[in-house]
Amino acid sequence: MNCKLCTQKAIIDSPSYCKKHFLKYVEQTAKQTIKKYDLLKRSDKVCVAVSGGKDSITLLYILKQLKYDVEALAIDEGIKNYRDETLAFLKRFCKKHKIKLIIKSFEKEVGKRLDKIVKTGNPACTICGTFRRSLLNKYTKNYDKIATGHNLDDEAQAVLMNLLKAQKSLYDRQGPKTGKRKGFTQKIKPLYFLKEKEIMIYSILMNFDVPFTECPYAKDSFRAYVRDELNLLETQKPGTKKNILLKYLKNKSAEKNKLELSFCPLCGEPCAEEICNSCRIRKTLGLIA
Amino acid sequence: MKVFIEKQNKKVKFVFEGTGTALIKKLKYNSEEVLVIKNGELVSLDEKLTNKDTIKIISIISGG
């Protein structure tokens, strides 16, 4: 099969592109998403939330290439034989591309490594996600935007997960960017329309040499089940994932999030209840009084 | 054909001639979840693979 734009051999089937045109397609798709959904202004100071995986590395690289003012923030959850390797890679990558990298750890910020928290029978993904979101918001107050590497697969999964759990408020908050709310740094997702597979191919062709890692706690998550089912559907009916997002965006409720927010008396972060979720978990775990 | 499955760090050897899609099916993978590297180069799934080829199967799924 040849590239649909030239006579070179295609390296991917759908869309069928050669290496050169595929790289251009990925960069153009991210650029168009930024433009269409008004994700970034030239003057914005952007913090890219990085894990050291292919998605966040690709995002960091593309935003830097597009000459945005970017810095990177990584969260070290404290997961043995997983995070150490990706953090070492991140340090090398950021040094090579002259990007400032900030690392915050659960151990210092929360009081315990995730491995230790999970040992006492606590649900890894819920706790990890809550702490990560809280730290990400806490340390990005001086930035205009937080850019995350969420891709088309992640987002289609999130739409389905929220539907299956009937979480209307979360369902309504999906999309290429979050709304602006006091106390929150706005989050943007420039890779929203790129498939996980496309980002993987991009990172291979660019020789990023991203270490292959899978979080040991992710395997049994609800997301993993939704992902597998969605992948099955996509092979039987190509385009399913993109259609989910296009239809979601078309029908998305324009209703603003009316949830009243205050600020957590313990940490100062925004919260919907008496204290924020992160402090509530820390209290339950005995990490704060 | 020599096949290295990266995720399982496993090497297998068997007789096979056909496309990347057929190989993925034989190995019981989903084409959304893996990539085929033929003799060190990424190839599209309609690429013909022969017994002389060295194949690497890369998993796309990761959790960050």
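Residues numbered from 1 in each chain as written. Chains lettered and ligands numbered in written order. Predicted model: local features only at pLDDT ≥ 70, side-chain atom pairs only at ≥ 80, totals over all residues. Heavy atoms only, no water.

### Observations concerning the sheet that holds strand β2 (residues 69-76) of chain A
Residue and element names in this part refer to chain A.
1) Next: One open sheet accounts for five strands, arranged β3-β2-β1-β4-β5; its pairing is parallel. Whereas interior strands pair on both sides, the edge strands pair on one side only; in this sheet they are β3 (101-105) and β5 (186-188). Averaged over all pairs of adjacent strands, the angle between their axes in this sheet comes to 30°, without regard to strand direction.
2) Next: Here strand β1 (residues 45-50) runs beside β2; their pairing, made up of six bridges, is parallel. If you follow Val50 over to β2, its bridge partner there is Ala74.
3) Next: Helix α2 (residues 54-65) contacts β1, β2 and β4 (145-147) of the sheet and is inclined by roughly 160° relative to β1.
4) Next: Against the sheet, helix α6 (residues 124-138) contacts β1, β2, β4 and β5, and its axis sits at roughly 145° relative to β2. (Pairing = 2+ DSSP bridges. Helix = DSSP H or I, 4+ residues; strand = E, 2+ residues; numbered from the N terminus. Axes fitted to C-alpha atoms, helices over the stretch in contact; angles between N-to-C directions. Contact = heavy atoms within 4.5 Å.)

### A few points about the sheet that holds strand β1 (residues 2-5) of chain B
1) Next: The strand order β2-β1-β7-β4-β5 (chain B) describes an open sheet built from five strands, whose pairing is mixed. For this open sheet the edge positions go to β2 (10-13) and β5 (41-42) of chain B, each flanked by a neighbour on one side alone.
2) Next: Bridge count between β1 of chain B and strand β7 (residues 54-59) of chain B: four bridges; the pairing is parallel. What sits directly across from Val3 of chain B, in β7 of chain B, is Ile55 of chain B.
3) Next: Where helix α9 (residues 196-205) of chain A meets the sheet, its contacts fall on β4 (34-38), β5 and β7 of chain B, and the angle it forms with β4 of chain B comes to roughly 35°.

### So, the nonpolar core
Residue and element names in this part refer to chain A.
1) Next: In terms of nonpolar packing, the biggest core is built from 57 residues, with Phe22, Val48, Leu60, Leu63, Ile201 and Tyr202 touching the most fellow members.
2) Next: With six residues, the top contributor of residues to this core is α2.
3) Next: Contacts of Leu63, omitting those with residues within four sequence positions, involve Ile34, Leu40, Val46, Val48, Tyr68, Val70, Ala147 and Pro190. (Core = buried A, V, L, I, M, F, W, Y, C linked by side-chain atoms within 4.5 Å. Buried < 20%, exposed > 50% of the residue type's maximum accessible area, 1.4 Å probe, protein only.)

### A few points about the domain arrangement of chain A
Residue and element names in this part refer to chain A.
1) Next: Its domain assignment divides chain A into domain 1 (19-258) and domain 2 (259-289).
2) Next: Contacts between the two partners involve 19 residues from domain 1 and, on the opposite side, 12 residues from domain 2.
3) Next: Roughly 1300 Å² is buried in total at the junction of domain 1 and domain 2, and carbon and sulfur atoms are behind 62% of that figure.
4) Next: Counting every contact that joins domain 1 to domain 2 gives one salt bridge.
5) Next: The salt bridge involving Lys141 is made with Glu269; its shortest N-O contact spans 2.9 Å.
6) Next: The interface formed by domain 1 and domain 2 contains three residue pairs in polar contact (both at pLDDT 80 or more).
7) Next: Counting residues per element, the side of domain 1 that touches domain 2 draws most heavily on α6, at six residues.
8) Next: Looking at the side of domain 1 that touches domain 2, its residues break down into five nonpolar, seven polar and seven charged. (Domains from an automatic or database assignment. Buried area = accessible area lost by both parts, 1.4 Å probe. Salt bridge = Lys/Arg side-chain N within 4 Å of Asp/Glu carboxyl O. Polar contact = N/O pair within 3.5 Å; in protein donor to acceptor, adjacent residues only side chain to side chain. Nonpolar A, V, L, I, M, F, W, Y, C, P; charged D, E, K, R; others polar.)

### Remarks on the pattern of salt bridges
A side chain with one charge may pair with a side chain of the opposite charge, provided their charged atoms come close.
1) Next: One pass over the full model with this rule turns up 16 salt bridges over all chains.
2) Next: Two residues, Glu196 of chain A and Lys54 of chain A, come together in a salt bridge whose shortest N-O distance is 3.0 Å. Remark: Lys54 of chain A occurs in helix α2 and Glu196 of chain A occurs in helix α9; sequence separation between them is 142 residues. This pair shows no difference in class: Glu196 of chain A is buried, exactly as Lys54 of chain A is.
3) Next: Among the salt bridges present, the one from Arg132 of chain A reaches Glu77 of chain A, with a minimum N-O distance of 2.4 Å. Of this pair, Arg132 of chain A sits in helix α6 while Glu77 of chain A is found in the loop between β2 and α3 (83-96), placing the two residues 55 residues apart along the sequence.
4) Next: Several salt bridges share partner residues, and in doing so they unite Asp153, Lys195, Glu234 and Lys241 of chain A together with Glu32 of chain B into one network.

### Points about the environment of Ser278 of chain A
All names here are of chain A.
1) Next: Tracing the chain through its elements places Ser278 in helix α12 (residues 277-284).
2) Next: Classification of Ser278 as buried rests on a relative accessible area of 9%.
3) Next: Taking the C-alpha atoms as reference points, Ser278 and Tyr61, separated by 217 residues in sequence, lie 31 Å from one another.
4) Next: In contact with Ser278, other than residues within four places in its own chain, are Thr130, Phe131 and Ser134.

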